[in-house]
Amino acid sequence: MMGATIKSIGIYRPELEVTNAFFEAYLETSDEWIRERTGIERRYFSSEDEYTSDLCVKAVEALKKNHHTSVDDVDFVIVATSTPDQILPNVASRVQARLGISNAGCIDLSAACGGFVYGLILAKGLIAAQTHRRILVIGAETLSKAIDLSDRNSCILFGDGAGAVIVEASSDNHVFEPLTDTDGSLGKELFISHLSQTVDGEPILGDGKMHQNGRAVFRWAVSTLVKNIPVLLEKNKMTLEQVDYLIPHSANIRILEAVCKNLDFPMERCMESVRSYGNTSAASIPIAWYNGLASGKIKQNDQLLLIGFGGGLTCAGICLENKIVLGEAD
Ligand code: COA
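What comes next is a walk through the structure. Worth saying up front: this structure is predicted, and the values here are computed from it rather than measured.

### Some words on the site of the ligand
Around the ligand there are 23 residues in total, and Thr-29, Arg-37, Gln-212, Arg-215 and Asn-252 lie nearest to it. One nitrogen or oxygen atom from the side chain of Gln-212 is found 2.9 Å from a nitrogen atom belonging to the ligand. In the model, an oxygen atom of the ligand is placed 2.7 Å from a nitrogen or oxygen of the Asn-252 side chain. Look at the ligand: alone it shows 950 Å² of surface, and the protein chains cover 77% of it. Put simply, the parts of the chain that give the shell around the ligand at least two residues each are α2 (31-38), α6 (214-235), α7 (253-263) and β14 (303-310). Of all the elements, α6 adds the most residues to the shell around the ligand, at four residues. In terms of residue class, the shell around the ligand is built from nine nonpolar, nine polar and five charged. Each of two domains, domain 1 (3-173) and domain 2 (176-321), supplies a minimum of three residues to the shell around the ligand.

### So, the packing of aromatic side chains
Overall, the coordinates contain six aromatic pairs when judged by the stated rule. Between the aromatic rings of Phe-22 and Phe-23, the centroid separation amounts to 5.0 Å while the plane-to-plane angle is 85 degrees, which identifies the pairing as edge-to-face. In this structure Phe-22 comes out as partly exposed when scored by relative accessible area, which is 37%. For Phe-23, a relative accessible area of 0% translates into the label buried. Seen in terms of ring centroids, Phe-23 and Tyr-26 are 6.4 Å apart; in terms of plane orientation they differ by 40 degrees. Their pairing is tilted. Here Tyr-26 falls in the partly exposed class, since its relative accessible area comes to 40%. By the ring-pair criterion, three or more aromatic residues cluster together here, those being Phe-22, Phe-23, Tyr-26 and Phe-45. When the ring centre of Tyr-44 is taken as origin, the NZ or CZ atom of Arg-13, which lies over that ring, is 4.2 Å away. Note that Lys-145 overlies the ring of Tyr-51, its terminal NZ or CZ placed 5.3 Å from the centroid.

The rules behind these values
- Per chain, residue numbering runs from 1 following the sequence as it is written.
- Only residues with pLDDT of 70 or above have their local features reported here, since the model is predicted, and side-chain atom pairs are shown and tallied only from 80 upward, although totals for entire chains, interfaces and linings are computed over all residues.
- Note: side-chain values were computed over all heavy atoms of the structure, leaving out hydrogens and water.
- Any residue with at least one heavy atom within 4 Å of a molecule or strand is counted as near it.
- Here a polar contact is recorded for every N or O atom pair within 3.5 Å, except that within protein the pair must consist of a potential hydrogen donor and a potential acceptor, and residues adjacent in sequence are included only if both atoms are side-chain atoms.
- Using a 1.4 Å probe, the Shrake-Rupley method yields the accessible areas, and only the shown protein chains count as cover for residues.
- Starting at the N terminus, helices and strands are each numbered in turn, a helix being any DSSP run of H or I of at least four residues and a strand any DSSP run of E of at least two.
- Residue classes follow a fixed rule: Ala, Val, Leu, Ile, Met, Phe, Trp, Tyr, Cys and Pro count as nonpolar, while Asp, Glu, Lys and Arg count as charged, and any other residue, Gly among them, counts as polar.
- All the domain ranges listed were derived from an automatic or database domain assignment.
- Planes of paired rings set the category: under 30 degrees apart is stacked, over 60 is edge-to-face and the rest tilted, where pairs are Phe, Tyr or Trp rings (Trp by its six-membered ring) whose centres lie within 6.5 Å.
- Burial classification: accessible surface area is computed with a 1.4 Å probe over protein chains only, and a residue below 20% of its type maximum counts as buried, one above 50% as exposed, and the rest as partly exposed.
- Only lysine NZ and arginine CZ atoms are considered, and such an atom sits over a ring when it is within 6 Å of the ring centre and within 35 degrees of the ring normal.

Now the structure itself:
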C-alpha cells in the first residue's frame, strides 16, 4: 500500500484583530469572564468582502513561501469548512482556479471542527488507493459571518482563519491509523441553519447563524475525547507516553485542560490556537500545529495525535509522525 507523508504547511489569519474589549463595549460580558471561561484573548475577523476562499488562497501562498514549493502538480483539493463562500460552486474549485492548478479534483468537506482531520483521512485513503499523489487539504472558516453578535453565549467564541497542508505519496508512511465517530442525535446542540427547519418541534428560521447549547457541547466534547483518544492509540499500538504532542480542536481551553487532566497528559504538550485566534473550527488544528512548529516545540519525527470534534456532533482523529520543518524564511 502506498504510504503518505506531510512536509508542508501554511496558515493565514485576517488583518482585523478583535479583542474581548470589542464585546465588552456592547454586551453584558467582560474580558475577565471570556478569558477565565474560554481562554480566549483575541480572534481575527475577515473584512466584509473577504471570504473563505480568500483565506484558503492566502494559506496556500504561505505554504508555498514557507517551503519554497509549488502546488502546480497537486491532483486533488479538499477544503474543510462550515462557512463556504456559497453552496455551489464549492470553495475548493474557486481555490483551484485562483491558484491555477490544472487537473485536480475538488471537493468541500462539511464536518465542522472535525473537518481538517476528516480531510487528512480522505487524502490518506486516496493516496493508499494510488488514485492520487499530492493532495492539498485546507481547513478554513469565516465564522465571523455566521455568528449572532447579540448572543453572548456564542459570539465571543469564534474567529476566522485558514491552515493548509499537502499530503503526498511516499515510500515511507508517516500518516497512521485514523478514528471516526459520530452521534448525529446531538446535531441540534450545535448548528448553522441555512434552510427553515424544525428542531425539537420548534421552528428555526434559516438565518445562516450559529446556534449552540454550550454546556451540552462542552460535556460531549470532554467525554468523547477522553473515550476516543485511548481507542485511537490502541488502533496505532501506541501509548499516550509515546505521543509528543496532542493537537485537539481548539474550542475552549477548559475542554483541553479537562481532557489532559482526565488522561493524565501534561497540558504543556497540548498544542492550542484558541487563546490568540478563538475557535476557528476546521482551521484550528493546522493553526495550532503551525504555531507548535514556529515556536520550536514540535520537531521533525515527533509523534502527533490530532483530534477534531464539533458540529454533527462528530469526531475524527489521526496519529502521524511530523515531517514538517519550517525554514529560515518563516
Ligand atoms: N459573558 C458573561 N456571562 C456569560 C457569557 C458571556 N459571554 N456567556 C454566558 N454567560 C453566563 C450564562 O448566561 C450563565 O449565567 P447564569 O448562571 O446566570 O445562567 C453563566 O455565564 C454560566 O453559563 P454556562 O453556559 O454554564 O457557562 P460555561 O462555563 O459552560 O461557558 C461556554 C459557556 C459557551 C463558553 C462553554 O459552555 C463552552 O465553551 N462550550 C463549548 C462550546 C464549543 O466549544 N462550541 C464549539 C464546539 S466545536
